[in-house]
Amino acid sequence: MKNWDKIIRAYGLKNALSHDGVALQGPVISSLFHEGLEKKEVGKYVKRIIEILLEINSLSKEEQEKEFKKLEKEVSERPAREGLPELPDVSKTGVVMRFAPAASGPLHIGHIISNMVNSLYVKKYGGKFYVRIEDTNPEKVFADCYKSFKVDCDWIFGNVSEYIIQSDRMKIYYDYAEKLIKKKAAYVCTCSAEKFKKLAELKKDCPCRKNSLKENIELWNKMLDKSGFKEGDAVVRFKTPEKYKGMKNPNPAMRDFPLARINEHEHPRQKKKYKVWPLMNLAVAVDDIEYKMTHIIRGKEHMDNAKRHKMIFDVFKKKYPWTAFMGRIKFKDIPLSKRKIVASIESGEYEGWEDLRLPTLFALRKRGYKPSAFAKLAEHQGLSEVDKVMDSKEYFSLLDGFNK
Ligand SMILES: [Zn+2]
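Definitions and limits used
Residues numbered from 1 in each chain as written. Predicted model: local features only at pLDDT ≥ 70, side-chain atom pairs only at ≥ 80, totals over all residues. Heavy atoms only, no water. Helix = DSSP H or I, 4+ residues; strand = E, 2+ residues; numbered from the N terminus. Buried < 20%, exposed > 50% of the residue type's maximum accessible area, 1.4 Å probe, protein only. Contact = heavy atoms within 4.5 Å. Areas by Shrake-Rupley, 256 points an atom, 1.4 Å probe, with all protein chains shown as cover. Lys, Arg positive; Asp, Glu negative; His and termini not counted. Charge placed at Lys NZ, Arg CZ, Asp CG, Glu CD. Expected span 1.5 Å × (residues − 1). Donors = N, O, S within 2.8 Å, 3.2 Å for Na, K, Ca; no water. Tetrahedral: all angles 85-135°; square planar, octahedral: opposite > 155°, others 65-115°. Phe/Tyr/Trp six-rings, centres within 6.5 Å; stacked < 30°, edge-to-face > 60°. Lys NZ or Arg CZ within 6 Å of the ring centre and 35° of its normal.

Caption draft 1: Expanded view of the overall build of the protein chain. Scanning the protein chain from terminus to terminus reveals 15 helices and 11 strands. By principal-axis analysis of the C-alpha atoms, the protein chain measures approximately 80 × 55 × 40 Å. Expressed as a percentage of its 404 residues, the buried residues of the protein chain come to 50%. Of the contacts made within the protein chain by residues no fewer than 6 positions apart, 75% connect residues no fewer than 24 positions apart. Here the protein chain has roughly 20200 Å² of accessible surface; of this, 53% comes from carbon and sulfur atoms. The centroid of the 78 positive side-chain charges in the protein chain is displaced by 5 Å from the centroid of its 57 negative side-chain charges.

Laid out in structure tokens, this is it:
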């Protein structure tokens, strides 16, 4: 429960100090909305707001300063956000947005460049901001992610509503896979990867596409059964609808893409509990449906994925969230991809993940960067699909300018 008296007082003092000692009601109320006060609750608080502001305005400037020092931490660091355009279709309850990093390595500046805006929009409009740890590839889970992502995201965003760990939600993905099979929108394919790839290149249907519902259910159960199919024996595929030209879709990546597969590697969190794992396209679409995302802003590399997710939304007759894509920043001189960072660590160029020269959030925090600097820079850059190649010096000098 928020202590609104304290928050009203803090914003009132802040406003008074920037307006010759006189706090104004309008700006204080709009700050309260940013802090999560619902528009419909204003009536309840308005009398209290007026009383508090009158008290504040009767204080001397010195007294106001002294009191503000004590309450300063009630005020979120929230820069002006002229740079961010308004989002369409924002309801009275605000927006529901997410940051969904793969669990494969530590969070770094690249994640923030494409995703800071999600957190900022939730601060702007109110609503929910989820951080979703995508850890359903047991071979690619950085075991420290459950701890370090939380520390990093609490620090950099400061407004995470909930952390979602995908591998804790396996039953839900299984249910959806089964629903898709029952709706004849998915099938179990037992072709080898090479065979399917050839068929896809030739725009030909895989023979498993004709499986009856009964056959598909049997094969699905055999995937789940501990003594049934082995890794590589079977995958669940989405049946790309006729509306999207099925296996003749002009984009090969859209032709009956896989939704779930068997992977018998031990998972760092779930151990040997599961052998069938949802692929990113299934898990992401399911969570975006289940958590009722309203707006999704993510890296441009997810454009094809977004099209696949929309097809899954269509099957469940759900409206796909408003979507925008962010161009990537590529540094000429420092690695951003996990693969390149790992290679640089292995070659001895960097000491390890905690090397302060790496652009991880851990290192940036240790180096004294403030979250508000990233927020201001994100606002400065706005929404743009254009990729940029720059020298890291150029980027960090911009960031330093906002870090004062
Ligand atoms: Zn097949």
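Caption draft 2: Representation of helix α1 (residues 4–17). Here α1 is 14 residues long and its end C-alpha atoms lie 20 Å apart, about the 20 Å a rise of 1.5 Å per residue gives. Of all 14 residues in α1, 10 are buried, a share of seventy percent or more. Those residues of α1 lying buried are Trp4, Ile7, Ile8, Arg9, Ala10, Tyr11, Gly12, Leu13, Asn15 and Ala16. Summarising the contacts, the buried residues of α1 are in contact with α2 (25–34), α3 (42–57) and α4 (61–71).

Caption draft 3: Spatial organisation of the coordination of the zinc ion. Taken together, Cys189 (SG), Cys191 (SG), Cys206 (SG) and Cys208 (SG) make up the full set of protein donors to the zinc ion, lying 2.2 to 2.4 Å away. Taken together, the 4 donor atoms coordinating the zinc ion and their angles of 101 to 118° define a geometry best described as tetrahedral. Read in sequence order, the donor residues for the zinc ion give the motif C-x1-C-x14-C-x1-C. Judged on exposure class, the residue Cys206 and its partner Cys208 are both buried.

Caption draft 4: Fine view of unusual backbone geometry. At Lys203, a position not held by glycine, the phi torsion is positive, near 60°. Its place among the elements puts Lys203 in the loop between α8 (193–201) and α9 (213–224). Classification of Lys203 by relative accessible area gives partly exposed; the value is 35%. Here Lys317, not a glycine, exhibits a phi torsion of approximately 55°, which is positive. Considering the arrangement of structural elements, one finds Lys317 in the loop between α11 (303–315) and β9 (322–326). Lys317 gets classed as exposed once you look at its relative accessible area, which sits at 76%.

Caption draft 5: Region of interest: the packing of aromatic side chains. For the coordinates displayed, the defined rule picks out 18 aromatic pairs. Between the aromatic rings of Phe313 and Tyr320, the centroid separation amounts to 4.8 Å while the plane-to-plane angle is 85°, which identifies the pairing as edge-to-face. A relative accessible area of 14% means that Tyr320 is categorised as buried. Among the aromatic residues, ring-to-ring pairing joins Trp155, Phe331, Tyr369, Phe374, Tyr395 and Phe396 into one connected group. Of note, Arg365 hangs over the ring of Trp155, and the distance from its end group to the ring centre comes to 5.3 Å.

These figures come from the coordinates and say nothing about function on their own.
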